Amino acid sequence: MKIATKFLGEVEIVEQDILTFEYGLLGLKDEKKFVLLPIDANLPLALLQSIEHVEIGFVLAYPFAFKKDYSFDISDEEREQLHIEREEDVLTYSIVTMKETFQDSTLNLLAPIIVNVNKKRGKQIVLQDNKSYPLRYQIGISEGSAK
Amino acid sequence: MLVLSRKRDESIMIGDQIEIKILAVEGDQVKLGIVAPKTVKVHRSEVFKAIQEQNKEALFVSPNFLEQLKGK
């Protein structure tokens, strides 16, 4: 099937690639069906595009490329919600808030997007306060391998 | 909304596993102690509001952002 995307024009997707975000995203509870699309092979980024609304599309970053010591636990409840059986099925992304330049843009490390690629489930989780990562982590100060 | 009055050192139970205890009342500030199973996440509601706003802000992406990225 073909879907309209926010930045990549019309894209052909297969139904098996559609991710279900049962709980939506924070502030966007009703958006439940997304696809992950590559943006540029040379960049650790992806587009999370709603298949229903063209204007709902987020730039996602692979956070470990920008903060190599980023780590957190996924709770048992979230494991169940995402039907996670094996660690290797889990992908982690951060929502990017774009600014004038890429260096000034920020990553949301506090509320990552977790995707179970095997079961095609996604969820935005909120990390517990005691290990708090910033809501706005500036890419320009990043210490990961992409620097 | 259920409204309950409590004094210092009194608590309420939510279900049979979550206890919220009033530890101190100082002026307009109330200090709460929360006992909950590990599977229940406890957050200040401002955190959720901030994330909701951040998500909406992240939807504003200039159409030429790809050029922006390449010019980094």
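A brief report on the enclosed structure follows. Since we're looking at a predicted model, the values are computed, not measured.

### Re the pattern of salt bridges
Evaluation of the coordinates by the stated rule reveals nine salt bridges over all chains. One salt bridge in this structure joins Glu57(B) and Arg136(A), with 3.1 Å as the shortest N-O distance. Of this pair, Glu57(B) sits in helix α1 (residues 45-58) while Arg136(A) sits in the loop between β10 (121-124) and β11 (137-138), which puts the two residues in different chains. Arg8(B) serves as the salt-bridge partner of Asp9(B), at 3.9 Å between the closest nitrogen and oxygen. Several salt bridges converge on common partners, so that one network encompasses Lys99(A), Arg136(A) and Glu57(B).

### Observations regarding the sheet that holds strand β3 (residues 29-35) of chain B
Residue and element names in this part refer to chain B. Taken in spatial order, the three strands of this open sheet run β1-β2-β3, and their pairing is antiparallel. With one partner strand each, in any of the chains shown, β1 (11-14) and β3 form the two edges of the open sheet. Going from strand to strand, the sheet's axes swing by 25° on average, the running direction of each strand aside. Bridge analysis of strand β2 (residues 18-26) against β3 gives seven bridges, and the strand direction is antiparallel. If you follow Glu 19 over to β3, its bridge partner there is Val 35.

About the criteria used
Residues numbered from 1 in each chain as written. Chains lettered and ligands numbered in written order. Predicted model: local features only at pLDDT ≥ 70, side-chain atom pairs only at ≥ 80, totals over all residues. Heavy atoms only, no water. Salt bridge = Lys/Arg side-chain N within 4 Å of Asp/Glu carboxyl O. Helix = DSSP H or I, 4+ residues; strand = E, 2+ residues; numbered from the N terminus. Pairing = 2+ DSSP bridges. Axes fitted to C-alpha atoms, helices over the stretch in contact; angles between N-to-C directions.

By themselves, these observations are geometric and do not establish any function.
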